[in-house]
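Each chain, written out:
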Amino acid sequence: NANHQPTTRTTNNHINKYQQINAMASTRRTDILSLIHLRSDGRRPHEIRHMSCHLGALPSTTACGSALPTSACSGSSLVTMGLTQVLCVVNGPCEVGRRSEELPDRATLEVNMRATPFAPPGDRRSVNPTTDRRLIEQSHLLQKALSASILLHLYPKSKISVTVMVLADDGGRLEAAINAATLALMDAGIPLKDMVCACSAGRWNAGGSDEIVVDLNRREIQAATGTGGGGGGTSDTIYLPVATMPQRGTIVLSQCESRLSGGAEAFGEVLEAAMGGCQMVMEVMAAAVRERGAGLWKAKEGKAVLSA
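Residue numbers here run from 1 along each chain, matching the order of that chain's written sequence. Only residues with pLDDT of 70 or above have their local features reported here, since the model is predicted, and side-chain atom pairs are shown and tallied only from 80 upward, although totals for entire chains, interfaces and linings are computed over all residues. As a convention, hydrogens and water are excluded, and side-chain values are obtained from all of the structure's heavy atoms.

*Asks:* Could you give an account of the sheet that holds strand β1 (residues 51–55), with specific residues and numbers?
*Replies:* Within the open sheet, the five strands sit side by side as β1-β2-β3-β5-β4. Their pairing is mixed. If you trace the sheet from one side to the other, it starts and ends with β1 and β4 (108–115), each paired once. For this sheet the average axis-to-axis angle between neighbouring strands, irrespective of direction, equals 15 degrees. With nine bridges joining them, strand β3 (residues 84–95) and strand β5 (residues 158–168) adopt antiparallel strand pairing. Its bridge partner being in β5, glutamine 85 is matched across the sheet by alanine 168. The contact criterion used is simple: two residues touch if any of their non-hydrogen atoms lie within 4.5 Å. Here, axes are lines fitted to C-alpha atoms. For helices the fit covers the stretch in contact, and angles between N-to-C directions go from 0 to 180 degrees. The helix and strand labels rest on DSSP assignments: H or I over at least four residues marks a helix, E over at least two residues marks a strand, and numbering proceeds from the N terminus. With respect to the sheet, helix α3 (residues 173–187) is in contact with β1, β2 (75–81), β3, β4 and β5, its orientation differing from that of β2 by roughly 150 degrees. For two strands to count as paired, DSSP must find a minimum of two bridges between them.

Shown next as C-alpha cells:
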C-alpha cells in the first residue's frame, strides 16, 4: 500500500492540473470572443442558431385515436435550433372522445408538451408532464399561440391534438416547440392564417457592455435570468420569448418575467430584435415547406428518389 501512495498522489496532481488548464482555456476563449464582440458560441449578437426543419419526420396516416401518438399521425416535424431538438406530432381533425368536450362552432385544440429524461444537460430526472409546472405553463402558451393561427371554425365538433416531445434542451425549447408545431400542422394539411414563428431576445450587461442578443441558448438564458448560479437576473437583464405571424405583422405571444429598468423604450428595443429573429426563423421554415412540397409533387409524378 505504501508503494501505491506516490502513484495515487501523482495521478491526482495530474487531474488537478488538467482541470486548471481546461478552466484557463475556457476563460481565455470567452475573453477572446468578448473582445471581438462575439457570443459564447461564436455567434454575432443578432444571429440565430443553426436551424434545421424536417417535415414528415414520422409516417403519416389518416387514423385517429391510437394509443401511441406516434403510431398514427396526420402530420409531424422535427426542428433543431442549435443543440435544442423538438419532435412534434399532430393528430386530427378527428372525433372528440367525450361529448362534453365538443364545441359546436369550432374544433377543440389539445396540446401536450413533454420532455425526455435526457433532454436537459446534466439532469437525468424523469419529469411528469401532468405535474411539472414549467411544462404545463409552456403547454398553455403553445396552445394560445397556435389558436391564434389555426382556422378552428372549419372543423366544428372535432378535435386537433398536438403532442410535442423535447428531445434535447439547450435553451429556447418553447420557441422550438412553437416552430415545430406550426410545421407539423402544415404537414397535416390543417389551414392556418399564417405561419407562427418564434424566437427569443435578451439584454443584459455583460463585461461592461450593454447589448441585445437574439435566440438565446441555455447559458445565456441563465445569465439573463440569474438561474444558473453565476449571477445575472439584475434589473438591467431582459429575457423575452416572442411568437409572431410575420406576414401579418402580428404578435401572438410575448412573455417577459424581468423587471424593466429602462421602461417601455428598453422593452421595445428587445421586442424589435426578437421580431427580427422571427423573420429569420420564418425564412428557414418557408424553405423547409417548399422542399417538402417539391418532394410530394415528385412523388405524385413518380419521380421521387428514395435515399438509403
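That was the structure; now back to the text.
*Asks:* Got a sec to walk through the nonpolar core? Specific residues and values, please.
*Replies:* Across soluble globular proteins, you tend to see nonpolar side chains buried next to one another. We call a set of buried Ala, Val, Leu, Ile, Met, Phe, Trp, Tyr and Cys residues a nonpolar core when their side-chain atoms join them within 4.5 Å. Burial classification: accessible surface area is computed with a 1.4 Å probe over protein chains only, and a residue below 20% of its type maximum counts as buried, one above 50% as exposed, and the rest as partly exposed. Counting residues in hydrophobic clusters, the biggest one holds 62 residues, and the most contacted among them are Ile160, Val162 and Ile178. For this core, the element with the most residues is helix α5 (residues 263–300), which contributes 11 residues. The contacts of isoleucine 160, once residues within four sequence positions are left out, are Val90, Asn91, Pro93, Ala107, Thr108, Leu109, Glu110, Ile150, Leu152, Tyr155, Leu185 and Ile190. Judged by nonpolar contacts, the second largest core, of five residues, contains Val213, Ile221, Ala224 and Tyr239.

*Asks:* Kindly report on the side chain of threonine 80, identifying the contributing residues and their values.
*Replies:* Relative to the assigned elements, threonine 80 resides in strand β2. Of note is the side chain of threonine 80, whose polar atom sits 3.1 Å from the side chain of glutamine 85. Once residues lying within four places of it in the same chain are set aside, the contact partners of threonine 80 are His50, Met51, Ser52 and Gln85. Think of a polar contact as two N or O atoms within 3.5 Å of one another; within protein, one of them needs to be a possible hydrogen donor and the other a possible acceptor, and neighboring residues in sequence only count if both atoms come from side chains.

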